[in-house]
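The residues making up each chain are set out below.
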Amino acid sequence: MAALGALVKKAWSVRRFVVLLCAPLALLPVLLSLPPKEGRCLYVILLMALYWCTEALPLAVTALLPIVLFPFLGILPSNKVCPQYFLDTNFLFLSGLIMASAIEEWNLHRRIALRVLMLVGVQPARLILGMMLTTSFLSMWLSNTASTAMMLPIANAILKSLFGEKDTSKDMNRENEENKASLQQNKLYTVPTEMQFLASTEDKDLTEEKEVASDVLSDLKKEEEYKTNIWKGFLISIPYAASIGGTATLTGTAPNLILLGQLKSYFPECDVVNFGSWFMFAFPLMLIFLLLGWLWISILYGGINLRGWRTKKSNIRVDAEARAREVIKEDYQKLGPTKFAEQAIFFFFCMFAIMLFSRDPKFIPGWASLFAPGFISDAVTGITIVIILFFFPSQKPSFRWWFDLKAPNTETQPLLTWRKAQETVPWNIILLLGGGFAMAKGCEESGLSVWIGGRLHPLEGVPPPVAVILITIVIALFTEFASNTATIIIFLPVLAELAIRLKVNPLYLMIPGTIGCSYAFMLPVSTPPNSIAFSSGHLMVKDMARTGLLMNLMGVLLLSLAMNTWAKSIFQLGTFPAWANIHAENATSLLPAVENVTLSALNKI
């Protein structure tokens, strides 16, 4: 096995090396078939897309390529490329990451999770609902990966208390074989876990004994299948809830912030998308999707039995649920009484959410209206709150200390230290966001976005509602195999130009594309949360495929419903906005010149 592993690593290294060398050469025809500036920009974008999909380079390193290639190829000067890596959108995301780091530092997320599980109950369907609600709420503020990594150990502890240790599905088959051998040798049968039988073999003939043995084995098999299904339902619900929950806030996942940043690049006058308006749109969508997803997972994996919901539970299940309740209660008690630091973090977390939501909620004037227009953004709000974390004391301050001259002059630990922030904040995501914004700027400045818009005229006859469904399906399928962040970086410029061609509000296509990238449920490699759950060893690819297929379908239909109902009033999707019309007029004026250059270049070839 070690030799096989070494061989696989060598093959992977060779593949990466081949992709790194051959991809730039294979994409050279792009430079010849397009106008010079547009062709060079498309060359860089395709090269980065290929590196992102194959991970020939780390994602963050690939995101740095525009800093090198755009100036060398004459697409953008460095003084225009580099600022894209530190836009205010990046700082909004950074504030969310620092807040999440402080929450994790003091185990506030674990206390919230265990408290919710104590409230919802320990029946399998209720526990799955509790897991999904807790994971989705945490994922709104923490990263999807961190939420999943935190909830899975809790789920495993509860499952072991319900069903005992479970290694692999092979154990069930081996146990059944051992039971059968025991029956054949001793003429006895084991007591099943769900039903209790009177162990009496007196006055039984051999035929009757075989029938009873067969019934017992059948009951054992059904019970083991029930346990296996519940175990799978628990594990698969957590990464799905993390992916769904991350869509509810702008800071919940990177694609949401990439949409905000690219909107500011393509449509500088667009101000309808902020933390508050996004939350009003995405939070109801998240709740509906979460509820339907819970019903689907519970029905599929036996958490809800539609046929026998009135049947009385056995004593064994009652005892198992009591043990699970004790495990949750014991874990919660291990956290001890609520510390002052936890209370402070919770207060600042609430302030973080409330101030972001109320800055400019659109339906009423927000507190930002008290200042000069355009000066206060969501980034200012977020960074203001998290700066306080670095000096606010983690222990309750004593006012008598100020007046006691003999009191020791000890340094008080703040809620969050910079060393801890350095260790826990995923700085690579900041670079990845910057790479996406740099790509968008390059597309705009080079005229590539206009050139792409000119090639989309065959799609002008597609009804916008149909376009929303098609876009969501395509992106949801694409993101099953590629990074969510890379996917939305590639598709958003195309969607913006397609909206201009269709004469619809760009948000009508860009928002479904953004949320669609988070609906990756079918494969373990689709998202890091899926990979973490799959690595537990209790899930198979076919489990994720059959569960995720309907999840993807539900996501597409719910997103289409949301875009054509409440999203229209929140984002004014019913009209073609003035901020998009200005961009369309500029694109139209540039398009004839681009087409002439394209034709002349093709004639030379």
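Everything numeric in this text was worked out from a predicted model, so none of it was measured. (Residues numbered from 1 in each chain as written. Predicted model: local features only at pLDDT ≥ 70, side-chain atom pairs only at ≥ 80, totals over all residues. Heavy atoms only, no water.)

### Focus: the overall build of the chain
Put simply, the rule is: Each helix is a run of DSSP H or I of at least 4 residues and each strand a run of E of at least 2, with the numbering of both proceeding from the N terminus. Only protein chains enter the accessibility calculation, which uses a 1.4 Å probe. A residue is then buried if its area is under 20% of the maximum for its type, exposed if over 50%, and partly exposed in between. Residue contacts are counted whenever heavy atoms from the two residues lie within 4.5 Å of one another. Methods summary: accessible areas were calculated by the Shrake-Rupley approach with a probe of 1.4 Å, and residue burial reflects only the protein chains presented.
The helix and strand tally for the chain stands at 27 helices and zero strands. Per-residue burial over the chain gives 49% buried out of 605 residues. In the chain, 80% of the contacts between residues at least 6 apart in sequence involve partners at least 24 apart. Of the roughly 29100 Å² of accessible surface on the chain, a fraction of 64% belongs to carbon and sulfur atoms.

### Comments concerning helix α16 (residues 340-358)
The condition that has to hold: In a helix, the anticipated span is given by 1.5 Å times the number of residues less one. The directions considered for the arc are those from the helix axis to the C-beta atoms.
The end-to-end C-alpha distance of α16 is 27 Å, a good match for the 27 Å that 19 residues give at a rise of 1.5 Å each. Buried residues of α16: A341, E342, A344, I345, F348, F349, F352, A353 and L356, and no others. End-on view of α16: buried residues confined to an arc of 165°, all on one side of the axis.

### Here we look at the side chain of S147
Mapped onto the secondary structure, S147 falls in helix α10 (residues 144-163). Other than its neighbours up to four places away in sequence, S147 contacts T135, L138, S139 and L142.

### Points about the nonpolar core
To be explicit about the condition: As used in this record, nonpolar core signifies buried Ala, Val, Leu, Ile, Met, Phe, Trp, Tyr and Cys residues forming a set joined through side-chain atoms within 4.5 Å.
If you look at the biggest cluster of nonpolar residues, it comprises 160 residues, and the most contacted ones within it are F267, F281, L509 and F571. Sort the elements by how many residues they give to this core and helix α22 (residues 484-502) lands first, with eleven residues.

### Structural notes on helix α9 (residues 124-139)
Taking 1.5 Å of rise per residue, the 16 residues of α9 would be expected to cover 22 Å, and the 22 Å separating its terminal C-alpha atoms lies within 8% of that figure. In terms of burial, α9 is largely enclosed, as twelve of its 16 residues are buried. Listed as buried for α9 are P124, A125, L127, I128, G130, M131, M132, T134, T135, S136, L138 and S139.

### Some thoughts on the confidence of the model for the chain
What counts, and what does not: For every residue, the pLDDT score states the predictor's confidence, bounded by 0 at the bottom and 100 at the top.
With 79% of its residues at a pLDDT of 70 or more, the chain shows a mean pLDDT of 79. Per-residue pLDDT, averaged within each element of the chain, yields its smallest value for helix α11 (residues 170-186) (43) and its largest for helix α14 (residues 275-300) (94). Scored below 50 in pLDDT, residues 167-206 makes 46 contacts in the model with residues more than four places away or belonging to other chains. The low-confidence segment residues 590-605, where pLDDT is below 50, has 16 contacts with residues more than four positions distant or belonging to other chains.

### Points about unusual backbone geometry
Positive phi values are uncommon outside glycine, yet N107 reaches one of about 60°. With respect to the secondary-structure elements, N107 resides in the loop between α7 (88-105) and α8 (108-120). Residue N107 is classed as partly exposed on the basis of its relative accessible area, which comes to 35%. The phi angle at Q572 is positive, at roughly 50°, despite the residue not being glycine. Among the structural elements, Q572 can be located in the loop between α26 (566-571) and α27 (578-604). Judged by its relative accessible area of 43%, Q572 falls in the partly exposed class.

### Side note on the packing of aromatic side chains
This is how it is decided: The pairing test for Phe, Tyr and Trp rings, Trp by its six-membered ring, is centres within 6.5 Å, and the orientation test on the planes gives stacked under 30 degrees, edge-to-face over 60, and tilted for anything in between. Our definition puts a charge over a ring when NZ of Lys or CZ of Arg is within 6 Å of the ring centre and also within 35 degrees of the ring normal.
In the structure shown here, the tally under the stated rule is 21 aromatic pairs. For the pair Y266 and F267, a centre-to-centre distance of 6.3 Å together with 40° between the ring planes defines the contact as tilted. When sorted by exposure, Y266 lands in the same class as F267, which is buried. The structure contains a cluster of three or more aromatic residues connected by ring pairs, namely F137, W141, F275 and F349. Stacked on the ring of Y332, the Lys or Arg R111 has its end atom at 5.5 Å from the ring centre.

### Topic: the environment of I238
Turning to its location among the elements, I238 is positioned in helix α12 (residues 206-245). With 104 residues separating them in the primary sequence, I238 and T134 have C-alpha atoms 9.1 Å apart. Non-local contacts of I238, meaning those with residues more than four positions away in its chain, are made with M131, T135, T148, M151, L152 and A155.

### Brief notes about the packing of α14 against helix α23 (residues 506-516)
Here is the rule: Lines fitted to C-alpha atoms define the axes here, with helix axes fitted over just the stretch in contact, and angles between the N-to-C directions of these axes take values from 0 to 180 degrees. Relative orientations are named as follows: roughly parallel for angles under 35 degrees, roughly antiparallel for angles over 145 degrees, roughly perpendicular for angles from 65 to 115 degrees, and oblique for any other angle. Put simply, a crossing is left-handed when the front helix is turned counterclockwise from the back one by less than a right angle, and right-handed when it is turned clockwise. Under the convention adopted here, Pro, Cys and the residues Ala, Val, Leu, Ile, Met, Phe, Trp and Tyr are nonpolar, Asp, Glu, Lys and Arg are charged, and Gly plus all remaining residues are polar.
Relative to each other, α14 and α23 sit at 50°, their axes nearing to 13 Å. When the interaxial angle is binned, α14 and α23 end up oblique. Where α14 crosses over α23, the two elements pack in a sense that is right-handed. Contacts between α14 and α23 involve W278, F281 and L285 from the former and I511, T514 and I515 from the latter. Here the residues of the contact of α14 with α23 sort into five nonpolar, one polar and no charged.

### Considerations on the environment of L117
You can see L117 is positioned in helix α8. L117 sits in the buried class, given a relative accessible area of 1%. Each C-alpha atom, one on L117 and one on T134, is 8.1 Å from the other, the two residues being 17 residues apart in sequence. Once you skip the residues sitting within four places of it in the chain, L117 turns out to touch L127, G130, M131, I154, I158 and I328.

### What about the pattern of salt bridges?
In plain terms, the rule: A side-chain nitrogen of Lys or Arg and a carboxyl oxygen of Asp or Glu constitute a salt bridge if their distance falls within 4 Å.
One pass over the full model with this rule turns up eight salt bridges. One salt bridge connects D543 with K232, and the closest N-O pair in it is separated by 3.1 Å. Of this pair, D543 sits in helix α25 (residues 541-563) while K232 sits in helix α12, placing them 311 residues apart in sequence. According to the relative accessible area criterion, K232 is buried, its value standing at 11%. A salt bridge links K334 to E330; its shortest N-O distance comes to 4.0 Å. Of the two residues, K334 and E330 both sit in helix α15 (residues 315-334), four residues apart, roughly one turn of that helix. Its relative accessible area of 62% is what places K334 among the exposed residues.

### Observations concerning the packing of helix α21 (residues 464-478) against α22
In contact at an axis separation of 12 Å, α21 and α22 are set at 165° when each is read in the N-to-C sense. Regarding the angle of α21 to α22, the classification is roughly antiparallel. Every pair of crossing elements has a handedness; the one defined by α21 and α22 is right-handed. Together, A467, I471, V474, I475 and F478 of α21 and T487, F491, L495, L498 and L502 of α22 make up the contact between the two elements. Its residues assigned to classes, the contact of α21 with α22 comprises nine nonpolar, one polar and no charged.

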